[in-house]
Amino acid sequence: MATVTKFTADEQRHLDEQTTLPRMMSIPLAGLGLAVNGYLASQPDAWSGTTLWLMLGCVAFTTAMMFCWTSALHEAAHQTLFRSRALSIWTGRLLGTLMWTPYTAYREVHIRHHAYLNTPRDWELWPYSDPNASLGFRRLFVWFDVLCGLAAGPIIYGRIYFHRNSPIKSAEVRRLIRNEYWGIAAVWGAIWAYTTLSQQWPQHLFVVILPMYLAALMQTFRKFTEHLGMASFDPLLGTRTVLPRKWLLRLSSFLNFDIFIHGPHHRHPRLTHGKLESKLDEYRTANPETAYPAYERYWQAMLAMAPSMFLNPGCGVNAGAPAEDAAWASDVDNFVADGATLEEQG
């Protein structure tokens, strides 16, 4: 069982030195957006004139902040959100509940995403990394992923618990996931019971579900931009990195814990977010002949991804990698210091 990330003394020192709270402003700001829009939706003139435009503005703002929640959940899964592991875990459980995804299931999937990037054992990139998934199925699923991301995310992360070939053998880990599912059902059951009794479904769908849907859509495109069409199993070459240069991208990257600097994060999953770009600089200096897939504009990375999304939604073997290179022997159940060492063991 590996419910707690193990850090070296040096990694723990970097974790202790980082300041996280400013990057977490998306959580209270999304709550503020929901509260303001809830108030506006309760007004008699809610669906007309200036109030409607204010409500749409609140939806856009709340969507942007909820999109950042996915990165906060990601940091919580790595347990680099706070110095306290317990605080990271419980924040992750809160965020996972709000996103219909058990924290522990997300963590178990994400550990294997780092350990087995772009291989058939990468549960997070299913079905795109699965050579048994036909091209036709992947072409259909990619649009389900885009248009129904609010449901696709929980399905993808939930597979590791419900699948008959689940790698999770620990009864304790399975118990945690089961209890988190019960927590999600209880919280959202209470929300929807109140919504039904108070006859506020139109307001709920507009104020809460619509920004959740749009944030999931944005998260899906982020996932695709980082991974779709990448054949390499090398963490630095098998992901796309976006380096924030313009102020808006810098702000978004800040609120998303610099997750856009994705290659170094995959290579060093226990490295704190503030050190990712400098780590890429180290690799570029050491390997000047290597063209790492790093972009300074997000649209450039999305443009590089687009042909794969429409023609061949795949990663690893499904993107052209040799099948024999995808069978790694390591059985990993926690984040490692350097993802490249796993590839060497395969």
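In the block above lies the structure referred to throughout.
Conventions and cut-offs
Counting restarts for each chain, with residues numbered from 1 along the sequence as it is written. Reporting in this predicted model follows two pLDDT cut-offs: at least 70 for local features of residues, and 80 or more for side-chain atom pairs to be given and counted; totals over whole chains, interfaces and linings ignore these cut-offs and use all residues. Side-chain metrics rest on all non-hydrogen atoms present in the structure, leaving aside hydrogens and water. Secondary structure elements are defined from DSSP: runs of H or I of at least 4 residues count as helices, runs of E of at least 2 residues count as strands, and each element is numbered from the N terminus. The span you would expect from a helix comes to 1.5 Å times its residue count less one. To get the bend at a residue, fit one axis to the 7 residues ending there and another to the 7 starting there, then take the angle between the axes. A fitted line through C-alpha atoms represents every axis, and for helices the fit uses only the stretch in contact; the resulting angles, taken between N-to-C directions, go from 0 to 180 degrees. Take the far helix as the reference: if the near one is turned anticlockwise from it by less than a right angle, the crossing is left-handed, and if turned clockwise, right-handed. Residue contacts are counted whenever heavy atoms from the two residues lie within 4.5 Å of one another. Salt-bridge detection follows one rule: a side-chain nitrogen of Lys or Arg within 4 Å of a carboxyl oxygen of Asp or Glu. The classification of residues rests on relative accessible area computed with a 1.4 Å probe and restricted to protein chains. Under 20% of the type maximum is buried, over 50% is exposed, and intermediate values are partly exposed. Definitions used throughout: a 1 Å grid over protein atoms alone; a cavity as a set of points that fits a 1.4 Å probe which cannot get out; a pocket as an open set with protein on both sides within 12 Å along at least five of seven lines; a lining residue as one with an atom within 4 Å of a point. Grid points are joined across faces, edges and corners, and a volume is the space filled by probe spheres set on the points. Residue polarity follows a fixed list, in which Ala, Val, Leu, Ile, Met, Phe, Trp, Tyr, Cys and Pro are nonpolar, Asp, Glu, Lys and Arg are charged, and the others, Gly among them, are polar. Put simply, two rings from Phe, Tyr or Trp (the six-membered ring, in Trp's case) pair if the centres are within 6.5 Å, and we call them stacked under 30 degrees between planes, edge-to-face over 60, tilted for the rest.

Peer 1: Even after reading the chapter, I still don't get helix H9 (residues 201-227), so can you show me in this structure?
Peer 2: For an α-helix the count is 3.6 residues per turn, leaving residues at separations of three or four pointing the same way. The terminal C-alpha atoms of H9 lie 36 Å apart, and with 27 residues this matches the ideal 39 Å at 1.5 Å per residue to within 8%. Where H9 bends most, the angle comes to about 40°, and this point is Ile 209, followed within four residues by the proline Pro 211. Two residues or fewer past H9, Gly 229 is found with a positive phi of approximately 90°.

Peer 1: I keep staring at the packing of helix H8 (residues 171-197) against H9 and nothing clicks. Help me out?
Peer 2: For any two helices packed against each other, the geometry comes down to the angle between their axes and how far apart the axes lie. For the pair H8 and H9, the least separation of the axes is 9 Å and the interaxial angle reads 145°. Like other packed secondary-structure pairs, H8 and H9 cross with a definite hand, here right-handed. Along its contact with H8, which presents Trp 188, Ile 191, Trp 192, Thr 195 and Thr 196, the element H9 presents Trp 201, His 204, Val 208 and Met 212.

Peer 1: Quick question: what am I supposed to make of the pattern of salt bridges here?
Peer 2: Pairs can form between side chains of opposite charge once their charged atoms are near each other. The full count for this structure, using the stated rule, is nine salt bridges. For Lys 223, the salt bridge goes to Asp 145, with nearest N and O atoms at 2.9 Å. Taken together, the residues Lys 223 in helix H9 and Asp 145 in helix H6 (residues 135-147) connect sequence positions 78 residues apart. The burial state of Lys 223 is the same as that of Asp 145; both residues are buried. Two residues, Arg 245 and Glu 296, come together in a salt bridge whose shortest N-O distance is 3.8 Å. With Arg 245 in the loop between strand S1 (241-242) and helix H10 (247-255) and Glu 296 in the loop between strand S2 (294-295) and helix H13 (298-311), this pair connects stretches of sequence that are 51 residues apart.

Peer 1: I would appreciate a short explanation of empty space enclosed by the protein in the present structure.
Peer 2: Remark: the empty space left among the atoms is shown by a probe the size of a water molecule rolled over them. Taken as a whole and judged by the stated rule, the model has two cavities of 30 Å³ or more. When its volume is computed, the largest cavity comes out at roughly 400 Å³. Secondary-structure elements contributing two or more residues to the lining of the largest cavity are helix H3 (49-78), helix H7 (149-162) and H9. When the residues that make up the lining of the largest cavity are grouped by side-chain class, the tally is 13 nonpolar, six polar and three charged. Taken as a whole, the second largest cavity spans an internal volume of roughly 80 Å³.

Peer 1: Would you mind showing me how to read the layout of surface pockets here?
Peer 2: The space that makes up the largest pocket amounts to roughly 500 Å³. Those elements giving two or more residues to the lining of the largest pocket turn out to be H3, H9, H10 and H13.

Peer 1: Just to check I follow, could you spell out the environment of Ala 72 for this structure?
Peer 2: Assignment of secondary structure puts Ala 72 in helix H3. What makes Ala 72 buried here is its relative accessible area of 1%. Taking the C-alpha atoms as reference, Ala 72 lies 6.9 Å from Asn 256; in sequence the two are 184 residues apart.

Peer 1: Help me understand the packing of aromatic side chains, please; the structure alone is not making it clear to me.
Peer 2: Given two aromatic rings, one states the distance between the centres and the angle between the planes to describe the pair. In the structure shown here, the tally under the stated rule is 18 aromatic pairs. Here Phe 137 and Phe 141 contribute two aromatic rings whose centre-to-centre distance is 5.8 Å and whose plane-to-plane angle is 35°, an arrangement assigned as tilted. You can see Phe 137 and its partner Phe 141 sitting in helix H6, four residues apart, about one turn around the helix. Residue class for Phe 137 comes out partly exposed when judged on its relative accessible area of 35%.

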